[in-house]
Structures are given as C-alpha cells and as structure tokens.
Amino acid sequence: MGVIKLNRVKVYAYHGCLVEEGQIGSDYLVDLKINTDLSIPAQSDNLSDTVDYVHLNKIIKEEMAQRSKLLEHVCDRILNRSLSEISTITKAKVTVRKINPPIGGDVASVGVTMTKKR
C-alpha cells in the first residue's frame, strides 16, 4: 500500500449558506489523501500504473466549481468521484478549508474533513 497526497490546492469558489458567499466567493484550500497499491508503479515507473494526481486535481477543481451550501456536501462529492473514477483507490480522505470565513471573528479558516473507504 501507499499514499498519494495533494496538499493545499488553492481554489476560488462560492460555497456557503449566505447569499453574499454565492456572489462574492472566497479562497479555499483542499487537501486530498488517497490510499492505493503503489508496488507496481514503483517497479514499472509508468504513469499508467499509478493514480495520476493530475486526475485528482481535476476532480477537486470541478467539484469545487459547483456551488454548495455546506462544505460537507463538497467533500462528499470529491470523495465519491475519486472512488468511482479511480478503481485502485481503497480509501480517500479530503479536507476543505474556507479561508477568512464570514463568521464575525478573527478566524484564519474553517474546515471539514471526511473519509471514505471501498
């Protein structure tokens, strides 16, 4: 087994329950960690034998582009797509953080982390 990680993928998106969040948007950071068997690509040195992080990044960007009220909903979509599109993933964990959330305080970010297994 092995782990592939995408760390701090920066995306501008329009998630949130407030009307203003859907109009103005804000910055988000996404971390995606997937578990998969890396023994074959470790030997073959072929991209086709592993999970391409370009594909994972595409999933993140496309799902972040679809507005949701809750970060939980966005996380679930990222996990579902990752598992459905890439059959070799055995487990996936995603964290979505909203930078400078409009919650009336000095808060660097808020976030949600979810995990799914096959």
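All of the points below concern the structure found in this document. (Residues numbered from 1 in each chain as written. Predicted model: local features only at pLDDT ≥ 70, side-chain atom pairs only at ≥ 80, totals over all residues. Heavy atoms only, no water.)

1. A closer look at the nonpolar core
Counting residues in hydrophobic clusters, the biggest one holds 26 residues, and the most contacted among them are Leu 56, Ile 60, Met 64, Ile 78 and Val 96. Looking at this core, the elements that each hand over two or more residues are strand 1 (2–13), strand 2 (26–36), helix 3 (53–64), helix 4 (71–85) and strand 3 (91–99). When residues in this core are grouped by element, the largest group, 6 residues, is from helix 4. Beyond its immediate chain neighbours, meaning those up to four positions away, Ile 78 contacts Val 30, Leu 32, Ile 59, Ile 60, Glu 63, Met 64, Val 94 and Val 96. (Core = buried A, V, L, I, M, F, W, Y, C linked by side-chain atoms within 4.5 Å. Buried < 20%, exposed > 50% of the residue type's maximum accessible area, 1.4 Å probe, protein only. Helix = DSSP H or I, 4+ residues; strand = E, 2+ residues; numbered from the N terminus. Contact = heavy atoms within 4.5 Å.)

2. Here we look at unusual backbone geometry
With a phi close to 55°, Arg 8 is a non-glycine residue in the positive phi region. On the basis of relative accessible area, Arg 8 is assigned to the exposed category, the value being 56%. You will see that Asn 100, though not glycine, has its phi angle at about 50°, which is positive.

3. A word on a positive patch on the surface
Together, Lys 5, Lys 33, Lys 91, Lys 93 and Lys 117 make up a region of like positive charge exposed at the surface. By the secondary structure assignment, Lys 117 is in strand 4 (residues 109–117). (Patch = residues over 30% accessible without salt bridge, like charges linked within 9 Å, V, L, I, M, F, W, Y side chains within 5 Å. Areas by Shrake-Rupley, 256 points an atom, 1.4 Å probe, with all protein chains shown as cover. Salt bridge = Lys/Arg side-chain N within 4 Å of Asp/Glu carboxyl O. Lys, Arg positive; Asp, Glu negative; His and termini not counted. Charge placed at Lys NZ, Arg CZ, Asp CG, Glu CD.)

4. Remarks on the packing of aromatic side chains
Inspection of every chain in the model, using the stated rule, returns 1 aromatic pair. On the numbers, 5.7 Å between centres and 80° between planes, the contact of Tyr 12 with Tyr 14 is edge-to-face. Given the relative accessible area of 35%, Tyr 14 is considered partly exposed. (Phe/Tyr/Trp six-rings, centres within 6.5 Å; stacked < 30°, edge-to-face > 60°.)

5. Quick notes on the pattern of salt bridges
Scanning all chains against the criterion turns up 8 salt bridges. Sharing partners across several salt bridges, the network here consists of Lys 58, Glu 62, Glu 63, Arg 77, Arg 81 and Glu 85.

6. Points about helix 3
Counted at 1.5 Å a residue, the expected span for helix 3 with its 12 residues is 16 Å, and the 16 Å between its end C-alpha atoms agrees. Taken together, the buried positions of helix 3 are Leu 56, Ile 59, Ile 60, Glu 63 and Met 64. Down the axis of helix 3, the smallest arc covering the buried residues is 120°, so these residues share one side. Lining the buried residues of helix 3 we find strand 1, strand 2, helix 4 and strand 3. (Expected span 1.5 Å × (residues − 1). Arc of directions from axis to C-beta.)

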